[in-house]
Amino acid sequence: MTINNDLLDQLLKDYEKPEDILGENGLLKQLTKAVLERAMQAELTHHLGYSRHDPKGNNSGNSRNGKSKKTLKGDFGSLPLEVPRDRNSSFEPQIVPKGQTRFEGFDDKILSLYARGMTTRQIKQHLEEIYQVEVSPSLISSVTDAISDGVKAWQSRPLDAVYPIIYLDALVVKVRESSHIQNKAIHLIVGINTSGRKEVLGLWVTHNEGAKFWLQVLTDLKNRGVKDIFIACVDGLTGFPDAIEAAYPKAEVQLCVVHQVRNSLKYVSWKWRKEVAEDLKTIYTAATVEEAELQLEAFAKKWDEQLPTISKSWRLNWERLIPFMSYPAEIRRVIYTTNVIESVNSSLRKVLKNRGSFPNEDAVIKLVYLALRNISAKWNLPIRDWASAMNEPIRKSV
């Protein structure tokens, strides 16, 4: 559909500055109002079956009955409209349905702002400053609450039968409960599917983690279709190794080596830190488990007198730290660290930092879900070296 240039010239004949078209009372807003009201009049004519002043309307049983007023909110600000009515109250406009107070896409803007961590008050101020639209806190709450069904569907959606690798991590938020502020952990699982693409499998909020909690989570994954997991990469989450071995007996649990190194360096003096880090690197970059054990012994011999807890910690966690050494380099790079999920949590923390606390768990889940939706929208490519990794046996028994 094209608009006649003569008509456009006539509309623009008094144009002098941008505000004449885009301003609060500019041409674009007036034209939108006129078109919508004209369209609703046409819809009413179609509904009644006769035009205004048409004799066919006599004794038809229904007729025009004035207008009602409503206001639409959108990028253009507030737009007052006159909606035609019929005497039988049977007319329902299609272009601006009954009950609609916002243009399509305006709710998406509210959700977008909310997903970036803005509070209700900040969203209200932003919309007033940018669009000159005054919205109530209750409107913002109703828009964000409307995604609850989407959250439930996402949490219960079917999953793939096999995830070669999953990553688990948690971050802490403050939630108001019975007039008290409580710390609660948001637990996330990110899976790498057989195509090498990242996927958030779910999120769970709890006070305390442990074997029982993780078994419930893994049972949830099983109920949603996950039959097998090859490798689970974790940062020492309490109770998880026992739970994964109960739910997926063939899965291997890989502790994050990067976290192990960080924890080892936590209390090392600055004058030794670089040297200690280099000596630790000889352990986790060893070609074989046997070579890694020799490097650990060499590290202990050199550093145990000054730093006895480091080698002790590595020995304590050894069986969980070395699984990745049984695989070729392409797979090692993918599983020896939980950086995949840490980058997700880093993005989430930027969103959550504006919130001192949440009124309830639902508010936490709602915000995290929207933020994850934005984060995962950028996951278009498989992780690095996945094609090479898939050419190798990712499970030793296969």
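Scroll up for the structure.
Please read all numbers here as calculations on a predicted model, not as lab measurements. (Residues numbered from 1 in each chain as written. Predicted model: local features only at pLDDT ≥ 70, side-chain atom pairs only at ≥ 80, totals over all residues. Heavy atoms only, no water.)

## Examining empty space enclosed by the protein
Left-over empty space is what a probe sized like a water molecule reveals as it rolls over the atoms.
For step 1, the next point in the chain: Counted by the stated rule, this structure contains one cavity of 30 Å³ or more.
For step 2, the next point in the chain: Of the volumes computed, that of the largest cavity is approximately 40 Å³.
For step 3, the next point in the chain: Lining of the largest cavity is provided by Val-257, Ile-283, Tyr-284, Trp-314, Trp-318, Leu-321, Ile-322, Phe-324 and Met-325.
For step 4, the next point in the chain: When grouped by side-chain class, the residues that make up the lining of the largest cavity number nine nonpolar, no polar and no charged. (1 Å grid on protein atoms, 1.4 Å probe; cavity = no way out; pocket = protein on both sides within 12 Å on 5 of 7 lines; lining within 4 Å. Points joined across faces, edges and corners; volume = space filled by probe spheres on them. Nonpolar A, V, L, I, M, F, W, Y, C, P; charged D, E, K, R; others polar.)

## Considering unusual backbone geometry
Backbone geometry follows two general trends: most residues other than glycine have a negative phi, and most peptide bonds adopt the trans configuration.
For step 1, the next point in the chain: Of note, His-53 is a non-glycine position whose phi angle comes to about 70°, a positive value.
For step 2, the next point in the chain: Note that His-53 resides in the loop between helix H3 (27–48) and strand S1 (64–74).
For step 3, the next point in the chain: For His-53, a relative accessible area of 76% gives the class exposed. (Helix = DSSP H or I, 4+ residues; strand = E, 2+ residues; numbered from the N terminus. Buried < 20%, exposed > 50% of the residue type's maximum accessible area, 1.4 Å probe, protein only.)

## Details of the layout of surface pockets
For step 1, the next point in the chain: Considered as a void within the structure, the largest pocket measures approximately 420 Å³ in volume.
For step 2, the next point in the chain: Forming the walls of the largest pocket are 19 residues, and the residues nearest its centre are Asp-145, Asn-360, Asp-362, Ala-363 and Lys-366.
For step 3, the next point in the chain: Every element with two or more residues in the lining of the largest pocket is listed here: helix H6 (137–145), helix H7 (148–155) and helix H17 (361–376).
For step 4, the next point in the chain: Its residues placed into classes, the lining of the largest pocket shows seven nonpolar, seven polar and five charged.

## Re a positive patch on the surface
For step 1, the next point in the chain: There is a patch of like positive charges on the surface, built from Arg-116, Lys-350, Lys-353 and Lys-378.
For step 2, the next point in the chain: If you trace the backbone, Arg-116 turns up in the loop between helix H4 (106–115) and helix H5 (120–131). (Patch = residues over 30% accessible without salt bridge, like charges linked within 9 Å, V, L, I, M, F, W, Y side chains within 5 Å. Areas by Shrake-Rupley, 256 points an atom, 1.4 Å probe, with all protein chains shown as cover. Salt bridge = Lys/Arg side-chain N within 4 Å of Asp/Glu carboxyl O. Lys, Arg positive; Asp, Glu negative; His and termini not counted. Charge placed at Lys NZ, Arg CZ, Asp CG, Glu CD.)

## Digging into the packing of H4 against H6
For step 1, the next point in the chain: Relative to each other, H4 and H6 sit at 85°, their axes nearing to 10 Å. By the criterion of interaxial angle, the relationship of H4 to H6 is roughly perpendicular. Contacts between H4 and H6 involve Asp-107, Ile-110, Leu-111 and Tyr-114 from the former and Ile-140, Val-143 and Thr-144 from the latter.
For step 2, the next point in the chain: Here the contact of H4 with H6 is built from residues that sort into five nonpolar, one polar and one charged. (Axes fitted to C-alpha atoms, helices over the stretch in contact; angles between N-to-C directions. Parallel < 35°, antiparallel > 145°, perpendicular 65-115°, else oblique. Contact = heavy atoms within 4.5 Å.)

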